[in-house]
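Structural characterization, general
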Number of protein chains: 2
Amino acid sequence: MDAFSFNKLIIFGVGLIGGSLARALRERAGIEGRVVGVGRSLRSVERALELGVIDEAVALDDDAALARALHGADLVLIAAPVAQTEPLLARIAPLLEARTIVTDAGSTKSDVVAAARAALGVKLAQFVPGHPIAGRESSGVDAALPDLYVDRNVVLCPLAENAPADVDRIAAMWRATGAAVHRMSETQHDRVFASVSHLPHVLSFALVEQILEAPDAELKFSFAAGGFRDFTRIAASSPEMWRDICVANRAALLAELDDYAAVLARFRAAIDASDGAALEAAFARSRVARKEWQERGSIKTSGDPAAK
Amino acid sequence: MDAFSFNKLIIFGVGLIGGSLARALRERAGIEGRVVGVGRSLRSVERALELGVIDEAVALDDDAALARALHGADLVLIAAPVAQTEPLLARIAPLLEARTIVTDAGSTKSDVVAAARAALGVKLAQFVPGHPIAGRESSGVDAALPDLYVDRNVVLCPLAENAPADVDRIAAMWRATGAAVHRMSETQHDRVFASVSHLPHVLSFALVEQILEAPDAELKFSFAAGGFRDFTRIAASSPEMWRDICVANRAALLAELDDYAAVLARFRAAIDASDGAALEAAFARSRVARKEWQERGSIKTSGDPAAK
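Conventions and cut-offs
- Residues numbered from 1 in each chain as written.
- Chains lettered and ligands numbered in written order.
- Predicted model: local features only at pLDDT ≥ 70, side-chain atom pairs only at ≥ 80, totals over all residues.
- Helix = DSSP H or I, 4+ residues; strand = E, 2+ residues; numbered from the N terminus.
- Rg over C-alpha atoms; globule rule 2.2 N^0.38 Å.
- Buried ≥ 20, exposed ≤ 12 C-beta atoms within 10 Å, placed from the backbone.
- Contact = placed C-beta atoms within 7 Å.
- Axes fitted to C-alpha atoms, helices over the stretch in contact; angles between N-to-C directions.
- Parallel < 35°, antiparallel > 145°, perpendicular 65-115°, else oblique.
- Left-handed = near helix turned anticlockwise from the far one by under 90°.
- Core = buried A, V, L, I, M, F, W, Y, C linked by C-beta atoms within 7 Å.
- pLDDT = per-residue confidence, 0-100.
- Pairing = 2+ DSSP bridges.
- Right-handed = clockwise from strand over helix to strand, strands pointing away.
- Domains from an automatic or database assignment.
- Nonpolar A, V, L, I, M, F, W, Y, C, P; charged D, E, K, R; others polar.
- Least-squares fit on C-alpha atoms with pLDDT ≥ 70 in both.
- Arc of directions from axis to C-beta.

We now examine the overall build of chain A. In terms of regular secondary structure, chain A is built from 12 helices and 9 strands. The C-alpha atoms of chain A give a radius of gyration of 22 Å, which matches the 19 Å a tight globule of 308 residues would have. Principal-axis analysis of the C-alpha atoms gives chain A an extent of 70 × 45 × 35 Å. For chain A, the proportion of its 308 residues judged to be buried stands at 52%. Taking contacts inside chain A between residues at least 6 apart in sequence as the whole, the part at least 24 apart equals 75%.

Quick look at the structure:
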């Protein structure tokens, strides 16, 4: 029932994410469909062709080649920076056949859904928003791996307009890579990732920024040790990508930032009052939760989780 | 000139830090002095004796044994939680011979200096405040290692009252463990570590606390991935230790928290205004600094560092 195959898959942006999907479907799942990579220029997809990750390379501005590629395609993946989702969808909308299902790999979803509504018009139902949660410390097609998605989570945010069978087909594609597929609304998705991913990135960038502005920055960096190293590892992430995510997920991120500032103000008050008991109680709660998360990948709370 | 030896070293609190000093001096530096471990109870230092980390175990409340231990001791290390520094120094003050130099391993220094002033009186000159910067993910004497301090930093915060030769002797002791020894004032020390160590711990605890308070905490934890893992690794640190550090280094930590809140407010304003250029510029600065720190253990800034 979950068997997945395809005839032609078009990937816009063949980097770590798109390249790993292609490799996973071919090398891990053994599926023999044709994979076409589309880049801003031919040059940007040449390496993927060289590596055998794709069967054919197409430049985005080559009207004839793009039309040929999309003709008969059953699947399209948009794996470009989220800010490019709307122009890309607008570019392919007129070429999209009724049989083709489009999905994406963007880190934010409300903005992607808005972009799809604006760009696809009556073809909106063909677009199934998605987000594979995979490491991005390295990037580019050279870093693509057939097992990048094994035991990773992929979130789909189906639209009311989607045919259930189309959503199931995108889910089956991701399961073929070894991923676990989850479904939630785009609002829920953006709130969750604003909290556990986007906010920590902003907080980490802010700590390095603060030290850089200090008059004794050199001295401070020279005594930074293991705690600083772990805390700021994500401050070496791509400035362009995180700029886009902050802007794209603005509303949810601002809400999380404000909640965080409130917790920090409470901690500040406890430190100011030398309220050791309050600090210890909060730190102990965090420690237990962090250890439980580390061991199980989740925690049990007394609260009522938003999705079951 | 740097040759170091001792006749009798007394260690109050034989855990990771105290135990590793004893092992380093004996096993790494090959020094044959006698090492006496003092614990709150005999039981708390029995394991160190079993492991051969110390030659003799003494209970803190055993007046006669403690007096015998301190008789003829040339060195004393206080390696107990910082909150216990003052009572420990008060306990040993009357037993301290003129030849004995006392140092400590506390993570904060202004409060330790205040404690020493209160507890030691005219014997204050015999106390050389210190702080070995060594990982503390594991704790207890079973985690003690002879090479824990190799290529680590040790900060000494000499007092105006200290004899230079006594400070040199404590520096030589730490160098014998393989550490690099630095000197700065206790105020400078506390500001530096408030920034690069204490603040990130508070920020990390606060993120986990915030998620725990969210109605969809379970869902959020279940999608937390690599960025969250690194950012919150220090949120699994000892609640008691970090409670003590927050209270002991209150003034410097509050100043860093306020500076951090100001940076975060600026980032918030840029996100609110969808000011991608400002965000990208800040993130790019952080990324360059973080990468340079990773590669060199320090950064070059245009600023004038407080200490050369």
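To continue, consider helix H1 (residues 16-28) of chain B. All names here are of chain B. Taken across its 13 residues, H1 has 10 buried, putting it largely inside the fold. Here the buried face of H1 lies against strand E1 (8-12), strand E2 (34-39), helix H2 (42-50), strand E4 (75-78), strand E7 (130-132) and helix H6 (164-176). Positioned one or two residues after H1, Gly 30 has a phi angle of 65°, which is positive.

Interaxial distance between helix H11 (residues 250-272) of chain A and helix H11 (residues 250-272) of chain B falls to 11 Å at its minimum, and their mutual angle equals 165°. Classified by the angle their axes make, H11(A) and H11(B) are roughly antiparallel. By crossing handedness, the relation of H11(A) to H11(B) is classed as left-handed. Here A:Arg250, A:Leu253, A:Leu254, A:Leu257, A:Ala261, A:Leu264, A:Arg268, A:Ile271 and A:Asp272 of H11(A) lie close against H11(B), whose contacting residues are B:Arg250, B:Leu253, B:Leu254, B:Leu257, B:Ala261, B:Leu264, B:Arg268, B:Ile271 and B:Asp272.

Next up on the list: the nonpolar core. A:Ile11 and B:Ile11 are the most contacted members of the largest nonpolar core, which has 212 residues in total. Beyond its immediate stretch of four places on either side in the chain, A:Ile11 contacts A:Gly18, A:Leu21, A:Ala22, A:Val35, A:Gly37, A:Val38, A:Ile54, A:Leu77 and A:Ala79.

The predicted model of chain A averages 94 in pLDDT, with 95% of residues at 70 or higher. With a pTM of 0.89, the predicted complex shows an ipTM of 0.89.

All names here are of chain B. Side-chain alternation along strand E5 (residues 101-104) places Ile 101 and Thr 103 on one buried face and Val 102 and Asp 104 on a second face that is also buried. Examined bridge by bridge, E4 and E5 share 4 bridges and lie parallel to one another. Bridge pairing links Val 76 to Val 102 in E5. With helix H4 (residues 85-92) bridging E4 and its parallel neighbour E5, the resulting β-α-β unit is right-handed. Sheet topology places E5 next to strand E6 (residues 127-128); 2 bridges connect them, and they run parallel. Within E6, the position partnered with Thr 103 by the bridge is Val 128. One crossover worth recording links E5 to the parallel E6 by way of helix H5 (residues 110-120), and it is right-handed.

Before going further, it helps to examine the domain arrangement of chain A. All names here are of chain A. If you check the domain split of chain A, you get domain 1 (8-184) and domain 2 (189-296). The C-alpha centroid of domain 2 is placed 32 Å from the C-alpha centroid of domain 1. With 12 residues of domain 1 at the interface, the matching set in domain 2 holds 8 residues. Along the lines of polarity and charge, the residues of the side of domain 1 that touches domain 2 split into 6 nonpolar, 4 polar and 2 charged.

If you rotate chain A by 180° and push it 0.0 Å along the axis, it lands on chain B with an RMSD of 0.1 Å. On this basis, the relationship between the two copies can be described by a two-fold rotation axis. Looking at the rotation axis and the C-alpha trace of chain A, the residue lying nearest is A:Phe231, at 2.2 Å. Mapped onto chain B, 99% of the interface residues of chain A are again interface residues, and the two copies thus contact each other with one and the same surface.

Turning to the interface of chain A and chain B, a few remarks are in order. Where interface size is quoted, it is often the accessible area lost as the parts come together. If you look at the interface, chain A gives 86 residues, while chain B gives 85 residues. Going through the elements one at a time, helix H7 (186-213), helix H8 (217-223), helix H9 (226-231), helix H10 (239-248), H11 and helix H12 (276-296) of chain A are the ones with two or more residues in the side of chain A that touches chain B. If you tally residues by element for the side of chain A that touches chain B, the top one is H7(A), at 18 residues. When its residues are assigned to classes, the side of chain A that touches chain B shows 49 nonpolar, 19 polar and 18 charged.

A few words on the sheet that holds strand E7 (residues 130-133) of chain A. All names here are of chain A. Taken in spatial order, the 3 strands line up as E7-E8-E9 in an open sheet, and their pairing is mixed. Two strands in the sheet have a free side with no partner beyond their single neighbour: E7 and strand E9 (180-183). Taken over all neighbouring pairs, the strand axes of this sheet differ in orientation by 20° on average, direction set aside. Relative to strand E8 (residues 153-156), E7 is paired through 4 bridges, and the arrangement is antiparallel. Across the sheet, Pro 132 pairs through a bridge with Val 154, a residue of E8. Together, E7, E8 and E9 form the strand contacts of helix H6 (residues 164-176), whose direction differs from that of E8 by roughly 170°.

Moving on: the sheet that holds E7(B). Sheets are built from strands paired through backbone hydrogen bonds, the pairs being either parallel or antiparallel. All names here are of chain B. Strand order in this open sheet of 3 strands is E7-E8-E9, and the pairing throughout is mixed. The open sheet has two edge strands with one neighbour each: E7 and strand E9 (180-183). Looking at each pair of strands side by side, their axes are set apart by 20° on average, direction ignored. Relative to strand E8 (residues 153-156), E7 runs antiparallel, the two sharing 3 bridges.

Right, let's get into the packing of helix H7 (residues 186-213) of chain B against H11(B). How two helices sit against one another is set out by the angle between their axes and by the gap between those axes. All names here are of chain B. Interaxial distance between H7 and H11 falls to 9 Å at its minimum, and their mutual angle equals 60°. As far as their axial angle goes, H11 and H7 are oblique. H7 and H11 meet at a crossing whose hand is right-handed. Each of Asp 190, Arg 191, Ala 194, Ser 195, His 198 and Leu 199 in H7 lies in contact with H11, whose residues at this interface are Ala 252, Leu 253, Glu 256, Leu 257 and Tyr 260.

All names here are of chain B. Taken together, the buried positions of helix H3 (residues 63-70) are Leu 66, Ala 69 and Leu 70. Projected onto a plane normal to the axis of H3, the buried residues spread over an arc of 90° and lie on a single side. The secondary structure elements touched by the buried residues of H3 are E1, E2, strand E3 (56-59) and H4. Positive backbone phi, at 80°, marks Gly 72, one or two positions downstream of H3.

Right, let's talk about the environment of A:Ser222 for a bit. Residue and element names in this part refer to chain A. By the secondary structure assignment, Ser 222 is in helix H8. Judged by the 19 C-beta atoms lying within 10 Å of it, Ser 222 is partly exposed. For the pair Ser 222 and His 182, spaced 40 residues apart in sequence, the C-alpha to C-alpha distance is 44 Å.

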